[in-house]
Amino acid sequence: MKAADLPTHYNMCEILEHNLETRADKTALLSDDRSMTFGEVSREVNQTGNALLRLGVGFGDCVAILCPDRSEWVTAFFAVTKIGGVALGMNTLLKTAEYDYILGDSRTRVLIVHDSLLDVISPVVEKHEALLTVVVIGDKSKGGYISFEDWIAAEEHTLEAARTHRDDFCSLHYSSGTTGMPKGVLHSHKDYPLIAQLSGVDVFGLTENDRTFSVAKLFFVYGIGGNLIFPWYVGASCILYAGSPRQVAGVLKTIENYRPTTFVSVPTVYGAILALPDFTERFNLESVRQCLSAGEALPATAWQAWKDATGLEILDTIGCTETYHTFMANRPGDIRPGSSGKPIGGYEVRLVDDEGVDVADGETGNLMVRGESTALFYLHQYEKSRHAFRGEWLFTGDRYSRDADGYYWHAGRGDDMLKVGGLWVSPVEIESALCEHDAVAECAVVGHYDNAQLLKPKAFVCLHDSADRTADQERVLLGELLKLCAKRLDAHKRPRWIEFLDDLPRTATGKVQRFQLREQ
Ligand code: 3UK
């Protein structure tokens, strides 16, 4: 499938609405909270779209959604795109300062926020003049804002889709970088059917008989693709789980209760499930016919352990926010455990050296990818855009090698970024937290593999007057540093190891040689 196969004027709400002709009464969405048919979803989408239009929200306007995976997330998302707006699914794990930056950078006009997340964003909403209204999902009395339920209650159930061009932007996702605030990635209406066909149908073989469930949340592109766009494109149902993926018992219970056929997950969650004794006996997982993994490399050992325990073969796949979804994958019947598989139809990849020359098989190079779902730039980031978007080719920042059989093997990042549990971690953020301690002169954070072969942050710390410190003093300091990190950083960002050094290894020009620390 090519973008040019789509009508020139196309609105991605088609992915939902094509279901109305033949399966309006089929269950589209299941959750502990609520289950909805395609017809019911469509009516709520129309009500929400009408409420947005009433506020004056129109073409190109950004509407932010900050909410756990629930039905309102989904209806709000399709409502925004249906009226020609730009839907911004906000990461629910961020801090107030990051929400502040994103609200400003995106010029959000309406914020739709769940009551459980209101406290972290409400301190900064007042200062954003572009922001017309805050709508609260859940607790009606919270913060004195209008509730989602009341906001849409009196609205009409019908709404005509805006006549959007297939190349109009319809969504904005923020993705983290080594330094500075996250970068906004805009995707167009056309990207949605493209990824659904190229990955959901052509690679994962989804049909209307499937039911998907994802531990990756809807605000992640991996999550919304695998657990909303792919299933609805083929008329399948999705299961929404509002809990944390770290509560694996909740994850397994959801599988048992709602019986998904396709499990969309990440290596750390596979690892955490495998660590649960007798999990296959305690939970009924027999509905699952396929398991996907992405976000970070899945170790071959975890692949084998999962196969031994469940009989299922995990498909490790790689995608990125810039391409929206998968561009390389292990496919059913064609799996090389530990690798990212091969490029999928619609995408080409190249491995090049730092001069842009293709490298030979077996050698490590920079991964470039080309495919029609790729974004065009980062919002308000001229320099970073020029670096990443090179004509038709995207410079991913990943290092890879290809073996003689054509499988691609991940060899870390070319920048200093880490993927921990599928989530971005910038070493700079951890370093700044550690440097807040008076005793720390300087420090550097790198990735280090744990026993399960998953990458975790490791900190090297140089102290003021390190020579004079006793082992006991160092032990006390270590405790203080761990406490500081617990206060400042989300759990996945906290260093799992802290080592004291007299000096950091540096180049002649004074740059920290992280590769030396990585090799230690
Ligand atoms: C890393 C992997 C090794 C890699 C994503 C599937 O993760 C997704 O998007 P992000 O923008 O991050 C992209 C980066 O994550 N990565 C992802 N998958 C793998 N590294 N093996 C893997 N299997 O550094 C990549 O550049 O958060 C994943 C589908 C859609 C996505 N957006």
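Look above for the structure.
Residues numbered from 1 in each chain as written. Predicted model: local features only at pLDDT ≥ 70, side-chain atom pairs only at ≥ 80, totals over all residues. Heavy atoms only, no water.

Draft legend 1. How the structure looks around the sheet that holds strand β25 (residues 455–463). Reading across from one edge, β24-β25-β26 is the order of the three strands in this open sheet, with mixed pairing throughout. This sheet does not close on itself; its edge strands, each paired only once, are β24 (440–449) and β26 (497–501). Sheet twist, expressed as the mean angle between neighbouring strand axes with direction ignored, is 25°. Contacting β24, β25 and β26, helix α15 (residues 427–435) runs over the sheet at an angle of about 140° to β24. (Pairing = 2+ DSSP bridges. Helix = DSSP H or I, 4+ residues; strand = E, 2+ residues; numbered from the N terminus. Axes fitted to C-alpha atoms, helices over the stretch in contact; angles between N-to-C directions. Contact = heavy atoms within 4.5 Å.)

Draft legend 2. Fine view of the site of the ligand. Residues in contact with the ligand amount to 21 residues; listed here are only the nearest, Asp316, Thr317, Thr321, Asp398 and Lys419. In this structure, an oxygen atom belonging to the ligand sits 2.9 Å away from a side-chain N or O atom of Lys419. A distance of 3.4 Å separates an oxygen atom of the ligand from a polar atom in the side chain of Trp424. If the ligand stood free it would expose 610 Å²; the protein chains cover 95% of that surface. Taken together, the elements giving at least two residues each to the shell around the ligand come down to α9 (221–234), β14 (314–319), β20 (393–402) and β21 (408–413). Tallying contributions element by element places β14 first for the shell around the ligand, with four residues. (Near = heavy atom within 4 Å. Polar contact = N/O pair within 3.5 Å; in protein donor to acceptor, adjacent residues only side chain to side chain. Areas by Shrake-Rupley, 256 points an atom, 1.4 Å probe, with all protein chains shown as cover.)

Draft legend 3. Broad picture of the pattern of salt bridges. As enumerated under the stated definition, the model contains 31 salt bridges in all. Glu44 is paired through a salt bridge with Arg34; the nearest N and O atoms lie 2.4 Å apart. Of this pair, Glu44 sits in helix α3 (residues 38–54) while Arg34 sits in the loop between β1 (27–30) and β2 (36–37); the two residues are 10 residues apart in sequence, bridging distant segments of the chain. For Arg34, a relative accessible area of 28% corresponds to the partly exposed category. Note that Arg259 and Glu286 form a salt bridge whose closest N and O atoms lie 4.0 Å from each other. Taken together, the residues span a long stretch of sequence, with Arg259 in the loop between α10 (248–258) and β12 (262–265) and Glu286 in the loop between α12 (279–282) and β13 (290–293) at a distance of 27 residues. (Salt bridge = Lys/Arg side-chain N within 4 Å of Asp/Glu carboxyl O. Buried < 20%, exposed > 50% of the residue type's maximum accessible area, 1.4 Å probe, protein only.)

Draft legend 4. Molecular detail of helix α6 (residues 118–125). Those residues of α6 that fall on the buried side of the exposure criterion are Leu118, Ile121, Val124 and Val125. Seen from one end, α6 has its buried residues packed into an arc of 145°, which puts them on one side. Along α6, exposed side chains directed more than 90 degrees from the buried face belong to Asp119 and Pro123. Looking at the buried positions of α6, the neighbouring elements they touch are β3 (62–66), α5 (96–106), β5 (108–114) and β6 (133–137). (Arc of directions from axis to C-beta.)

Draft legend 5. Representation of the side chain of Thr48. With respect to the element layout, Thr48 can be found in helix α3. Look past the residues within four positions of Thr48 in its chain and what remains in contact with it is Ala76, Ala79, Phe148, Trp151 and Ile152.

Draft legend 6. View of the packing of aromatic side chains. This structure, assessed with the given rule, holds 16 aromatic pairs. Aromatic pair Tyr378 and Phe389: ring centres 4.9 Å apart, planes at 65°, arrangement edge-to-face. Note that Tyr378 is positioned in the loop between β18 (364–371) and α14 (382–388) and Phe389 in strand β19 (residues 389–390), a separation of 11 residues in sequence. The same class applies to Tyr378 and to Phe389, which are both buried. Its guanidinium or amino end placed over the ring of Trp393, Arg350 lies 5.5 Å from that ring's centre, counting from NZ or CZ. Here the guanidinium or amino end of Arg390 rests over the ring plane of Phe395, the centre of that ring lying 4.1 Å away. (Phe/Tyr/Trp six-rings, centres within 6.5 Å; stacked < 30°, edge-to-face > 60°. Lys NZ or Arg CZ within 6 Å of the ring centre and 35° of its normal.)

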